[in-house]
Protein chains: 2
Amino acid sequence: MDYLPPARAIMLTGFMGTGKSTNGRRLARRLGLDFLDTDDLVEEAAGKTIRAIFEEEGEQAFRDLETEALGRSLAGPRSVIATGGGIMLRAENVAMMKAGGPVICLQASPKTILSRTSCRDTRPLLQGEDPLGTIKTLMDERRDAYGLADYAVSADNADRGTVLERMCEHLAGDPRTAVLVEASQRVMVRAGSAQYRIHIQRGAFHALDRLCPARSKEARCLIVTTKPIAELYADLVTASLAAGGWDPDVIALADGEATKTLDGAAALYDRLIDRRVDSAGMVFALGGGVVGDLAGFVAATYRRGIAFAQLPTSLLAQVDASSGGKVAVNHPRGKNLIGTFHQPAGVVIDTATLDTLPERELRSGLAEIIKHAAIADADMFGFLESELEAFLALDEVAVRYILARNCQIKARFVEQDPWDRGQRAVLNYGHTIGHAVERCAGEWDLRHGEAVAIGMVAEARLAHKIGICDELTVARQLAIIEKAGLPTTAPPIDMTEAAESLMLDKKISGGRLRLPLVPAIGQVKVLTDIEPDALREALMYVAHE
Amino acid sequence: MDYLPPARAIMLTGFMGTGKSTNGRRLARRLGLDFLDTDDLVEEAAGKTIRAIFEEEGEQAFRDLETEALGRSLAGPRSVIATGGGIMLRAENVAMMKAGGPVICLQASPKTILSRTSCRDTRPLLQGEDPLGTIKTLMDERRDAYGLADYAVSADNADRGTVLERMCEHLAGDPRTAVLVEASQRVMVRAGSAQYRIHIQRGAFHALDRLCPARSKEARCLIVTTKPIAELYADLVTASLAAGGWDPDVIALADGEATKTLDGAAALYDRLIDRRVDSAGMVFALGGGVVGDLAGFVAATYRRGIAFAQLPTSLLAQVDASSGGKVAVNHPRGKNLIGTFHQPAGVVIDTATLDTLPERELRSGLAEIIKHAAIADADMFGFLESELEAFLALDEVAVRYILARNCQIKARFVEQDPWDRGQRAVLNYGHTIGHAVERCAGEWDLRHGEAVAIGMVAEARLAHKIGICDELTVARQLAIIEKAGLPTTAPPIDMTEAAESLMLDKKISGGRLRLPLVPAIGQVKVLTDIEPDALREALMYVAHE
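All values reported here derive from a predicted model rather than from experimental measurement. (Residues numbered from 1 in each chain as written. Chains lettered and ligands numbered in written order. Predicted model: local features only at pLDDT ≥ 70, side-chain atom pairs only at ≥ 80, totals over all residues. Heavy atoms only, no water.)

Asker: Explain the overall build of chain A to me, using residue names and the numbers behind them.
Answerer: Across its full length, chain A carries 23 helices and 16 strands. Oriented by its inertia axes, the alpha-carbon framework of chain A measures out at about 90 × 60 × 35 Å. Every one of the 545 residues in chain A was classed for burial, and the buried ones make up 55%. For chain A, contacts bridging at least 24 residues in sequence account for 76% of all contacts bridging at least 6. (Helix = DSSP H or I, 4+ residues; strand = E, 2+ residues; numbered from the N terminus. Buried < 20%, exposed > 50% of the residue type's maximum accessible area, 1.4 Å probe, protein only. Contact = heavy atoms within 4.5 Å.)

Set out below in structure tokens:
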């Protein structure tokens, strides 16, 4: 898979009036890139308008400034750059542009261009007697130059969506930009009659006014979060929601599973009633899986269900728990025993939250990502093999690509099985043995993702042992888990106890164990005839060395 | 509307082998009537088989016994009677039959009859050399007699369902039996993707093994009920479910709203976990609305939702709360604030439970029935006007007719608006003012139904005052409410406080009051522009005299 380094920039050129700035801005927003306009940079650098530069210093001076601006743009962060219409007349510019990334030329007929430019007097080249003639002459002069662009897209009478989609189609097929496009996809989840979007964007929490606007006046909402997350994001999220017409209140719980109980839910009901949140109100779950489960359960059961949105801040919640609609609280005698299904109205992932996530949490979240790739997405597995460092370094494109692919995989399983009646069971890969290890971890501080990693190693080896996969499939999983800095063996726990816990598992004792295994990277197969002895043996594969 | 006295009996006649007994039994079960067979009664009375009577005493003796048996059958409870094939040869029998109710003649071809009778030697008339010839001769002889039946139904090569449906079609169009058929309808509710049946039957709790069988081995269920109801029905329901393959447990709560809280729900979760009820388990709500709401809420939220069935024992729960899927517990600061939607897997109404219902509860339940009739069913309103005494005397047909029609009305509203997003609001007729009175009733022991009756009187008068209905529409509602023994004025409560409570109603203070009123019996119209003053005045219409 071609990935890094993707294009530094996507450049838009074309005649004046073809909509380079407008469409460039849209493309940048879609791809989550910065947007630059060489005309703006030129005016900024010169301290005067382009018209003034032309009038006072001549076209040559403008072209020099333009070349300089292009160079600066390409040296900055990855971006979409709208250029002046004559930029490709200079060979030096063309060389820089071709090295920087794909160039898209927007095209329109002379008449369209005239109609779009006739009201303005800021275009120095069209100030003569016969503007249509001038346009035609200029277009002829530039035809060869525009022919150097990689892609031509018609902006004639096309609606804005069409131009954007056509540009994205070209870019999705271009190895320099395929990952950029993929990473920008908004993921739709359809679960039963519910349908919602997962937004993945750096800075998305700044845009909640646009992403989750209030739908009525005096709309009250409750932001449920934890104290550590509140310190980082509560002010931002509150302000962003207030800008969207909400009257937000924040409840910051203690960190950890202890609040995810019926009593914890009761405290939230009290708060919702205190604040007179009615059925037009909403709950925002800002935090990890615990917050999402608890806040979602309360939203599901307050006034027979009010809307809620997930604002997941941990990698694990972003790629897994935030979509799918499973909400619950714990009972003293079992996790998630009290719960229901309540699909969120939306999921907003601000990738900037990963900047503040402790590295161990980041690596732990990677376990579920590796699991998704192993059972359902060989491409993503390959991407992880080559680009894991970029992801761990929080390269924005790598992060968004991984999140988008993961959310797509999760969405697909949720759509096939919205009420978790069977098919979603494949998502339990690595979890059967992982849970047994986790339950016996005791004082050994083990994250859920770490236990899943250990479980995957054991279950991959089991799959090879019983002959359903080859050695390479096991080796690739082991290698990526190691590369992610995740454990491949259990801590020095009592393995006899873990084996007992494994056998006591309801699913096994009932004789109905459904064990998902990976026959080849990107594929999954649910086995129903695994012998308890084989399972116990698999546990020993990951015994502490 | 033609109603009482409906036919004493529905009689089936026709040649031997046309399936009179089999189809008669099916018809009786469908209509909830007793089933009798004159041949059985004759054998019982004579103490010997029909063949023996024919051989030892001759056909004449048999015919005398048969006439006697027919007379006895028609004097007993309402029933379906299968008769001997020759019964209509006697004018005396025909006269009795025509006076008793509709006669259906089942018909089949001689060949069909031969094939159905040839293996038996219990038919004394077909013991000769040429049975087919005998059949044809006998059929010719009886043609005129069978022509006296009201309806002819072909039983030739028809499947059993078809014969039953054809008989019911005839009976539904016959004024002597229309109510019997109507009362026997099983009501289907479709709510979103859920679909379930409301069974209405005397003795239905004895048939839970058939109506709610366990679907897997070791199926555990919890019967949630109250102590008073448990004394009456817990043993019966437990035994009936056990016969259906369930391993039932009973939890009997204190009577009243006090248990319908989050703590009450927690106690049920504990019990379900204690009993290791898993996702194949089920909750049965045996009791009134409080039990249904609480048990339904717990079923909705235990292990992300398990199945539950409503076994409502109060009239109010039977006609209203048991279908529709609204489940909830109370919060100290408001009823039903914690709740969700969870459609039952089925509703089983045993009309025998009304025998033990205190008369005041019966009358209170009538208020919602009158409300349903007023807003949606002019026919049922007319039925109530003429047959209220029969209903209060628990005449089985009147009871089942009323329950079936009510459940149909409720089902229709639920189907149109499964998540209660607007259209179900018409069910609040009588409730706006009724609730205000109920909230201020204090020490005055007022049932919910009584408050609704008072509310309907006030709102009917309001409708007339503002010119949307005529005086007769008000008078008919007032008359039926009085006839039901329900109050038409409030107890001597503080009406100023009630008016304040009315104005504080969230729906009114938010300026969005949607008030359903009745422009004509059987119709409803939601008004959104009612002046607060008009509403306050309406409250005064029902002030204590």
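Asker: An account of the pattern of salt bridges is needed here, citing residue identities and associated values.
Answerer: Note that side chains of opposite charge can pair when their charged atoms are close. Throughout the structure, instances matching the rule amount to 72 salt bridges over all chains. Among the ionic pairs, Asp249 of chain B bridges to Arg275 of chain B, the shortest N-O distance being 3.6 Å. Placement of Asp249 of chain B in strand S9 (residues 246–253) and of Arg275 of chain B in the loop between helix H12 (262–274) and strand S10 (282–287) is noted, with a sequence separation of 26 residues between them. Accessibility expressed as a relative area gives 14% for Asp249 of chain B, which makes it buried. You can call Arg275 of chain B partly exposed: its relative accessible area is 24%. One connected set of salt bridges, linked through shared partners, spans Arg220, Asp247, Asp249, Arg271 and Arg275 of chain A. (Salt bridge = Lys/Arg side-chain N within 4 Å of Asp/Glu carboxyl O.)

Asker: Can you explain the interface of chain B and chain A? Please cite residues and give values.
Answerer: Counting residues at the interface gives 24 residues for chain B and 24 residues for chain A. Counting across the chain B and chain A interface gives two salt bridges. For Asp274 of chain B, the salt bridge goes to Arg333 of chain A, with nearest N and O atoms at 2.6 Å. Among the secondary structure elements, those contributing two or more residues to the side of chain B that touches chain A are H12, helix H13 (289–301), strand S12 (326–331) and strand S13 (334–341) of chain B. Its residues placed into classes, the side of chain B that touches chain A shows 12 nonpolar, six polar and six charged. (Nonpolar A, V, L, I, M, F, W, Y, C, P; charged D, E, K, R; others polar.)

Asker: Give me the environment of Pro213 of chain A: which residues, what numbers.
Answerer: Residues and elements named next belong to chain A. Within the element layout of this structure, Pro213 appears in the loop between helix H10 (208–211) and strand S8 (219–226). For Pro213 and Trp246, which are 33 residues apart along the polypeptide, the C-alpha to C-alpha distance reads 7.4 Å. Sequence-distant contacts of Pro213, defined by excluding residues within four places in its chain, comprise Leu208, Gly244 and Trp246.

Asker: Summarise the domain arrangement of chain A; cite the residues concerned and give the values.
Answerer: Residue and element names in this part refer to chain A. Taken domain by domain, chain A holds domain 1 (9–180), domain 2 (183–357) and domain 3 (405–540). Distance between the C-alpha centres of domain 2 and domain 3: 29 Å. Listed per partner, the contact involves 20 residues of domain 2 and 12 residues of domain 3. The largest share of the area that domain 2 buries against domain 3 comes from Val187, Val319 and Phe341, three residues that together contribute 31% of it. At the boundary of domain 2 with domain 3, the tally comes to three salt bridges. Salt-bridge contacts for Asp320 lead to Lys410; the nearest nitrogen and oxygen are separated by 3.2 Å. Our count for the contact surface shared by domain 2 and domain 3 stands at five residue pairs in polar contact (both at pLDDT 80 or more). Every element with two or more residues in the side of domain 2 that touches domain 3 is listed here: strand S6 (187–191), strand S7 (194–201) and helix H14 (315–321). Classifying every residue of the side of domain 2 that touches domain 3 by side-chain character gives 11 nonpolar, six polar and three charged. (Domains from an automatic or database assignment. Buried area = accessible area lost by both parts, 1.4 Å probe. Polar contact = N/O pair within 3.5 Å; in protein donor to acceptor, adjacent residues only side chain to side chain.)

Asker: Which residues make up the packing of aromatic side chains, and what values go with them?
Answerer: Tallying each qualifying case throughout the model produces 10 aromatic pairs over all chains. On the basis of an interplanar angle of 80° and a centroid distance of 6.0 Å, the ring pair of Phe205 of chain A and Tyr233 of chain A is categorised as edge-to-face. Placement of Phe205 of chain A in the loop between S7 and H10 and of Tyr233 of chain A in helix H11 (residues 227–243) is noted, with a sequence separation of 28 residues between them. On the accessibility criterion, Phe205 of chain A (0% relative accessible area) is buried. Residue Tyr233 of chain A is classed as buried on the basis of its relative accessible area, which comes to 9%. Where Phe383 of chain B meets Tyr401 of chain B, the ring centres are 4.2 Å apart and the plane angle is 40°; that geometry is what we call tilted. Taken together, the residues Phe383 of chain B in helix H16 (residues 378–392) and Tyr401 of chain B in helix H17 (residues 396–416) connect sequence positions 18 residues apart. Both residues of the pair, Phe383 of chain B and Tyr401 of chain B, belong to the buried class. Geometry around Phe413 of chain A places Arg412 of chain A over its ring, the cationic atom sitting 5.6 Å from the centre. (Phe/Tyr/Trp six-rings, centres within 6.5 Å; stacked < 30°, edge-to-face > 60°. Lys NZ or Arg CZ within 6 Å of the ring centre and 35° of its normal.)

Asker: Run through the relation of the copies chain B and chain A, naming residues and quoting values.
Answerer: Take chain B, turn it by 180°, move it 0.0 Å along the axis, and it overlays chain A with an RMSD of 0.2 Å. What the superposition gives is, in effect, a two-fold axis relating one chain to the other. The position closest to the rotation axis in chain B is occupied by the C-alpha of Leu262 of chain B, lying 4.0 Å away. A share of 100% of interface residues in chain B that are also interface residues in chain A marks the association as one of identical surfaces. (Least-squares fit on C-alpha atoms with pLDDT ≥ 70 in both.)

Asker: Break down the confidence of the model for chain A for me, citing the residues and quoting the values.
Answerer: Per-residue pLDDT for chain A has a mean of 90; in total, 95% of the residues score no lower than 70. Overall fold confidence (pTM) sits at 0.81, and the ipTM for the predicted complex is 0.79. (pLDDT = per-residue confidence, 0-100.)

Asker: Describe the nonpolar core, listing the residues and the values that go with them.
Answerer: The nonpolar side chains of a soluble globular protein tend to be buried with one another. Core analysis: the biggest nonpolar cluster contains 106 residues, and Ile10 and Leu27 of chain A have the highest contact counts within it. With 12 residues, the top contributor of residues to this core is helix H17 (residues 396–416) of chain A. Ignoring any residue separated from it by four or fewer positions in sequence, one finds Leu27 of chain A in contact with Ile10, Leu12, Val80, Leu164, Met167, Cys168 and Leu171 of chain A. Counting residues in hydrophobic clusters, the runner-up holds 105 residues, among them Leu106, Ile375, Phe381 and Ile481 of chain B. (Core = buried A, V, L, I, M, F, W, Y, C linked by side-chain atoms within 4.5 Å.)

Asker: Go over the pairing of strand S10 (residues 282–287) of chain A, please, and point to the residues and values.
Answerer: Residues and elements named next belong to chain A. In terms of burial, S10 is a largely internal element, six of the six residues being buried. Two strands pair when backbone bridges link them, and S8 and S10 are joined in this way by five bridges, in the parallel orientation. Its bridge partner being in S10, Cys221 is matched across the sheet by Met282. When S10 meets strand S11 (residues 307–312), the two strands line up parallel, connected through six bridges. When the bridges of S11 are listed, Ala285 appears paired with Gln310. (Pairing = 2+ DSSP bridges.)

Asker: I'd like to hear about the sheet that holds strand S9 (residues 246–253) of chain A, residue by residue, with values.
Answerer: All names here are of chain A. Spatial strand order, S6-S7-S14-S11-S10-S8-S9: seven strands in an open sheet with mixed pairing. At either margin of the open sheet sits one strand with a lone partner, and together these are S6 and S9. For this sheet, the mean inter-axis angle between neighbouring strands, taken without regard to orientation, is 20°. Packing of helix H13 (residues 289–301) onto the sheet brings it into contact with S8, S9, S10 and S11, and relative to S10 it is tilted by some 170°. (Axes fitted to C-alpha atoms, helices over the stretch in contact; angles between N-to-C directions.)

Asker: Help me get a handle on unusual backbone geometry, residues and values and all.
Answerer: Working note: non-glycine residues mostly have negative phi, and peptide bonds are mostly trans. Its identity as a non-glycine residue notwithstanding, Arg276 of chain A has a phi of 55°, on the positive side. Structurally, the position occupied by Arg276 of chain A is in the loop between helix H12 (262–274) and S10. Phi is positive for Asn336 of chain B, close to 55°, though the residue is something other than glycine. Along the polypeptide, Asn336 of chain B turns up in strand S13. You can call Asn336 of chain B partly exposed: its relative accessible area is 24%.

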